[in-house]
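Fold and contact review
Each chain is listed here by its residues.
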Amino acid sequence: MLLFEARTLRVLARSGALALAVPLLSALLAVPLAWLTTRTDLPLRRMWAVITALPLVIPSYIFAYLLVSVLGSRGLMQQLLQPLGVERLPDIEGFPGALLALTLLCYPYLLLTVRAALLTVDPALEEAGRSLGLTPWRTFVRITLPLLRPALAGGGVLAALYTLRDFGAVSVMRYGTFTRVIYIQYQSAFDRSGAAVLALMLVALTIGLQALELNTRGRARYHRGHAAAKRKPMLVPLGRWRWPALLFCGAVALLGVGIPGAVLLFWLVRGLALGTPLPALWGATGNSVFVCLGAAPLALLGALPLALLAGRQRSGGGRLVERVAYSAFALPGIVVGLALVFFGARYVPAIYQSVFLLQAGYLILFVPEAFGALRAALGSVNPSLMEAGRTLGRAPAQVLRSVTLPLMRNGVLAALAIVFLTAMKELPATLILAPPGMGTLATSIWGAVTQAYFAAAALPAVLLIGISSVPLAIFTLRETYQ
Amino acid sequence: MSDVAVECRGLTKSFDVVSAVRNLDLAVEQGEILVLLGPSGCGKTTTLRLIAGLEVPDAGSIRIGNQLVAGEGVFVATEKRRIGMVFQDYALFPHLSVSQNIAFGVQQRSSETRVQDGLRVVGLCGVGGRMPHELSGGQQQRVALARALAPHPAVLLLDEPFSNLDAGLRLQVRAEIRDILKANRLTAIFVTHDQDEALFMGDRIAVFNAGSLEQVATPEELFFAPASRFVAEFMGQADFIRGETTEHGLQTEIGPVLQPVTLAVGQRVEVAIRADDVTLVADPQSKAKVLGRSFRGAVNVYRVRLPSGRIVHSLQPHTLKLADGLLVRVQAEPGHPLAHFAI
C-alpha cells in the first residue's frame, strides 16, 4: 500500500527532519537576539529588533532563489572566487539549503514571541533571583528561560507549521518533502490518488501541530496575564561583550536581509540592462492585484460571522467555531489547491480552470487569517459596550452596525491588509488553480526561478515585494499616526 | 398591583454547574431605590443582568411594571424592556461624543432636547461636544447616568457604578446621584458589595448570600435587627458571644441583657454585639483583659479578651485611657434589643 511504501516513508522522514531542525536552529538565533534587544544595553537595540524581524515579509521562493543564486555551485560567490581558481562550490541544494533558507525565514516567528514574553516577564522575578545570589547568567538559565518555555513552544510550533506548509523554498532547493513531492506527483502522474494520500498525511501532521500550538498558546496567555510587567527591567551592561553581540546581530541581519536585498537589486539592475520583456509583467501585475483585491474583502466577509460567533461569551459553540477556524489555518496551500482541482473537475466543471476556483482557494486559505485579525479586534472591544447598546433600545443588528463595527475598524483594515499581502505571495494554490495562461507575479517569479533564470525573476520579485508592502506601510503609518 | 415596578418570582440561573441565583423572590416598588448587597459571587450582579435581559433565566419569572418580560415561555429582548443601565466601567462609546452617547437611546425627533435635559440634570452643560476619554472619572460616571436616563426608562439598573472612582470622589458622586434619582422619583436597582454605600443609597437593602436572599429590609432594620448571623456579620463590626435565653432576656458571659425574646427559654444562642454596646470598667477582680487600643480621633476602640477567649470591641470616649493588659469588667448596655441566633 502506498501509505507504507519506502518512498512515502522517506518523504515523511525528510519533512519531519526539516520540521524539527528548523525550529531548533531558529531558537538558537532567536533567543540571543530577543534577549540582546530587550534586556541589554546593546547599541541600536530598536533598529536591530526591526531589521531582524524583516525576513517575515519575504516570500520563501524568492528568498531561496536568492540564496541559491549566491551560494549555489555556480552562483555569485563562485564567480567572485573564480580568480582564485575555484571552479565549483559544494552544492547547497537538498537538506542544507532548505534548512538554511527556512531557518532564516522562520526565526522571526520565535523572535517575536520570545521578545513579547521577555517584555512581559515581571522583572521582580529576575530581581528575586539576583537577590538570592545568582549571577546574571545563572538568573537567565534558572529563571528567565523557564518563563520563556510557553513562548518558545508556541513560536517553535509556528516555525514547524511554516516549514511543513512551505512549498517555495523546498522546491527551489529540490528537497523532496511532502509539498514538493505532492506537486510533482500531481503534475506527472495520471493517477492522482498518490498525491491525495500524501496530501492527507500532510494535513494530519499540520492539524496535529496546530492543536499543539493552540494548547501552548492558551498557557502562554495565562502566563502573561499574571505576570504583567509594571516596571522596566534593569538593562544588563554588555561591556566588552558588546562587540561579539553586535557581530552576531549584524551577521543575522546580513544573511536574512542584507544579502538578499543587495542580490535582488543586483539581479534587477542586470535584468533591466538585459532588457527583460516588460509587457508580460504588466499582465502578471494586473492579475495579481486584481485577484488579491478580490480575495481580501471576500475573506473578510467569510470571517466576520465566524469571528462574531466565536466572540460570544460562555458559548461552547463559540469555542468550537474558533477551533475549527484556526485549524483551517493549518491547511497547506498545495492541499487546498489539489482538493479544489479534484472537486472542480468532477462536480463543477463550469468553474473548473476559471478564476472563480482560484478565488475559492484563496477564500479557504485566507478566511482563517482574516478571522485571527478580526477576532483580536473584537476581543479588544469591551463587551459591556455591546450590552449598553442593547439596554439603550437597539436591536443586535443595529448594535453591530453602530457600535461593534466602528470600534473594530482598525482590525478590519488590518485583516484586509494581511489577506492582501499574503495572497500576493501565495504560490502553490495559485500555480494549481490559476486558469491556463493567467500568470501572476508569484507564478512568473517561480517560472523564472525553476529555470535558474535569476535576472528574469528579479523584476517581478521587486514588484511583488513593493506592491504587497503598500497596504502594510499605509496601515503601519495610520497606526503610528493615531 | 400597579405600585410594583419590578417583580422576580422563583428566579433561578446556573452557569455550567455553579448555581448563581437560586429560587429568588424580589419586588421593587415604584420610586424606590433597592440595593442588592453581598460579597462577590453571591448572585447580585447576575440578578441585575437577568432583570436587564442580558442573561436568560433557567426558571422563574420577571415582570417590569405590568409586563411579563421573562418566564412562562416569554423572553422579551433587552432593548424592548424599557430599562436603563449604568455599567461598572461606564461603557461609554469611545467613538461617539458625549452628546451622541446620550442621544444613542433616544428617538431622532426628541434627541436634541433630551440631550440638553440630560446634561443639565447631571450638571454637565457645555461638555456635550467632548469625547468620553477627555472627561474625568466622575464626569464619565455622570454621562453614563444621563445616557441611561435619556430614554426615560421604567427602571434604572446600576451595577457597582462607583467602584472605579477614588474614595473622596465616590462619597460626592453617590450623594449627587441619590439626589438625582430621588428628585426625579426614579425606580432604581443598585448593586454593590460595600455595606456603607448600601446604607447610604438604599431605601431598602436586599442582602445576598450564595445565590439566595438572606434579608430584605430598610437600612435601620438591617443594622439593628439582622435576620441571620450572616447579615449581622456582613453589615459589619459585630462580635459574637455565647449566651442562653432566659425569661426576661439573655444571659451572656458579660452579664444579663433585659429584652424581649421569642426563642424558647434555655436555648443556647450567639449574640451579636457592637463596639458601641459594650462598656468597660477597670476591675482587678475581673478575668477580662485589655489587649490593645486603636485611636480613632474622637473615640478609642478597645480590644478585650473575655475569660472564654472570645474577643469583643468597645467604643470609649478619647478621655478614657486604659493600659494594655489591664483587667476590666465588661458589660452590655445596648439601649436596644440585641440580635441573637440559635446555635
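Please read all numbers here as calculations on a predicted model, not as lab measurements.

Description of the overall build of chain A
Each helix and strand in chain A was counted, giving 22 helices and 0 strands. Whereas a compact globule of 482 residues would reach a radius of gyration of roughly 23 Å, chain A reaches 24 Å, a difference of no more than 12%. Taking the principal axes of the C-alpha coordinates as reference, chain A spans close to 65 × 60 × 50 Å. The buried share of chain A, reckoned over its 482 residues, is 49%. When contacts within chain A are restricted to residue pairs at least 6 apart in sequence, long-range pairs at least 24 apart make up 81% of them. Counting only carbon and sulfur atoms, one obtains 69% of the accessible surface of chain A, whose full area is about 22800 Å². Charge centroids of chain A, computed over 39 positive and 16 negative side chains, lie 6 Å from each other.

Structural notes on the interface of chain A and chain B
In this complex, chain A contributes 18 residues to the contact, which on the side of chain B involves 21 residues. Overall, the association of chain A and chain B removes approximately 1700 Å² of surface from exposure, summing both partners, and the carbon and sulfur fraction of that is 63%. Broken down residue by residue, the surface that chain A buries against chain B is led by E387(A), T391(A) and L392(A), which jointly contribute 36%. At the surface where chain A touches chain B, the tally comes to 2 salt bridges. Here E79(B) makes a salt bridge to R390(A), at a shortest N to O gap of 2.6 Å. At the boundary of chain A and chain B, one finds 6 residue pairs in polar contact (both at pLDDT 80 or more). Going through the elements one at a time, α17 (383-391) and α18 (396-407) of chain A are the ones with two or more residues in the side of chain A that touches chain B. Element by element, the count of residues in the side of chain A that touches chain B is highest for α17(A), at 7 residues.

Things to note about the packing of aromatic side chains
Under the criterion given, the structure shown has 15 aromatic pairs over all chains. A ring pair is formed by F167(A) and Y183(A), whose centres lie 5.1 Å apart and whose planes are at 75°; its orientation type is edge-to-face. In this pair, F167(A) is assigned in the loop between α8 (149-165) and α9 (168-172) and Y183(A) in helix α10 (residues 178-188), connecting sequence segments 16 residues apart. Its relative accessible area of 2% is what places F167(A) among the buried residues. Arranged with centres 5.9 Å apart and planes meeting at 5°, the rings of F230(B) and F234(B) form a pair that is stacked. With F230(B) and F234(B) both in helix α8 (residues 229-234), this residue pair falls 4 residues apart, about one helical turn. Judged by relative accessible area, which is 16%, F234(B) ranks as buried. Members of the aromatic cluster, joined through ring pairs, are F167(A), Y183(A), Y186(A) and W446(A). Over the ring of F223(B) we find R274(B), and its NZ or CZ is 3.9 Å from the ring centre.

Digging into the packing of helix α1 (residues 6-39) of chain A against α10(A)
Residue and element names in this part refer to chain A. In contact at an axis separation of 9 Å, α1 and α10 are set at 140° when each is read in the N-to-C sense. One way to sum up the angle between α1 and α10 is to call them oblique. Contact with α1, carried on its side by R7, V11, L12 and S15, involves F178, V181 and Q185 of α10 and no other residues of that element. Here the contact of α1 with α10 is composed, by residue class, of 4 nonpolar, 2 polar and 1 charged.

Comments concerning helix α3 (residues 60-71) of chain A
Residues and elements named next belong to chain A. For α3, which comprises 12 residues, the first-to-last C-alpha distance of 16 Å matches the rise-based estimate of 16 Å (1.5 Å per residue) to within 8%. By the criterion of burial, α3 is predominantly enclosed, with 11 of the 12 residues buried. What α3 keeps buried is the set S60, Y61, I62, F63, A64, Y65, L66, L67, V68, S69 and V70.

So, the pairing of strand β14 (residues 255-258) of chain B
Residue and element names in this part refer to chain B. Strand direction decides the pairing type here: strand β13 (residues 249-252) and β14, joined by 4 bridges, are antiparallel. In the sheet register, G249 faces β14, and the bridge partner there is L258. Linkage of β13 to β14, two consecutive antiparallel strands, is achieved through a turn of 2 residues.

Description of the confidence of the model for chain A
In low-pLDDT regions, the fine details of the predicted coordinates are not to be read closely. Scored by pLDDT, chain A comes out at a mean of 83, with 90% of its residues at no less than 70. Within the model, pLDDT remains below 50 along residues 219-229 of chain A, and this stretch shows 14 contacts once partners closer than five positions in the same chain are excluded.

Side note on a nonpolar patch on the surface
Residues and elements named next belong to chain A. Where nonpolar side chains cluster on the molecular surface, the patch consists of L9, L12 and L205 and spans about 210 Å² of accessible area. Here L9 is to be found in helix α1. The partly exposed category is assigned to L9, whose relative accessible area is 41%.

Things to note about the sheet that holds strand β16 (residues 278-282) of chain B
Residues and elements named next belong to chain B. As summarised here, the arrangement of the 5 strands in space is β16-β20-β17-β18-β19, forming an open sheet in which the pairing is antiparallel. Because the sheet does not close on itself, it has two edges, and the strands there are β16 and β19 (311-317). On average, adjacent strands in this sheet sit at an angle of 40° to one another, irrespective of strand direction. Pairing of strand β18 (residues 299-305) with β19 involves 7 bridges; the strand directions are antiparallel. From the neighbouring strand, R303 faces β19, where its bridge partner is H313.

Comments concerning the pairing of strand β20 (residues 327-332) of chain B
Residues and elements named next belong to chain B. The two faces of β20 differ: V328, V330 and A332 on one face are buried, but L327, R329 and Q331 on the other face are not. As judged from the 5 bridges shared by β16 and β20, these two strands associate in the antiparallel manner. Bridge assignment links T279 to a residue of β20, and that residue is Q331. Across 2 bridges, strand β17 (residues 288-295) lies against β20 in antiparallel orientation. Within β20, the residue paired with K289 across the bridge is L327.

So, how was this worked out
Residues numbered from 1 in each chain as written. Chains lettered and ligands numbered in written order. Predicted model: local features only at pLDDT ≥ 70, side-chain atom pairs only at ≥ 80, totals over all residues. Heavy atoms only, no water. Helix = DSSP H or I, 4+ residues; strand = E, 2+ residues; numbered from the N terminus. Rg over C-alpha atoms; globule rule 2.2 N^0.38 Å. Buried < 20%, exposed > 50% of the residue type's maximum accessible area, 1.4 Å probe, protein only. Contact = heavy atoms within 4.5 Å. Areas by Shrake-Rupley, 256 points an atom, 1.4 Å probe, with all protein chains shown as cover. Lys, Arg positive; Asp, Glu negative; His and termini not counted. Charge placed at Lys NZ, Arg CZ, Asp CG, Glu CD. Buried area = accessible area lost by both parts, 1.4 Å probe. Salt bridge = Lys/Arg side-chain N within 4 Å of Asp/Glu carboxyl O. Polar contact = N/O pair within 3.5 Å; in protein donor to acceptor, adjacent residues only side chain to side chain. Phe/Tyr/Trp six-rings, centres within 6.5 Å; stacked < 30°, edge-to-face > 60°. Lys NZ or Arg CZ within 6 Å of the ring centre and 35° of its normal. Axes fitted to C-alpha atoms, helices over the stretch in contact; angles between N-to-C directions. Parallel < 35°, antiparallel > 145°, perpendicular 65-115°, else oblique. Nonpolar A, V, L, I, M, F, W, Y, C, P; charged D, E, K, R; others polar. Expected span 1.5 Å × (residues − 1). Pairing = 2+ DSSP bridges. pLDDT = per-residue confidence, 0-100. Patch = residues over 30% accessible without salt bridge, like charges linked within 9 Å, V, L, I, M, F, W, Y side chains within 5 Å.

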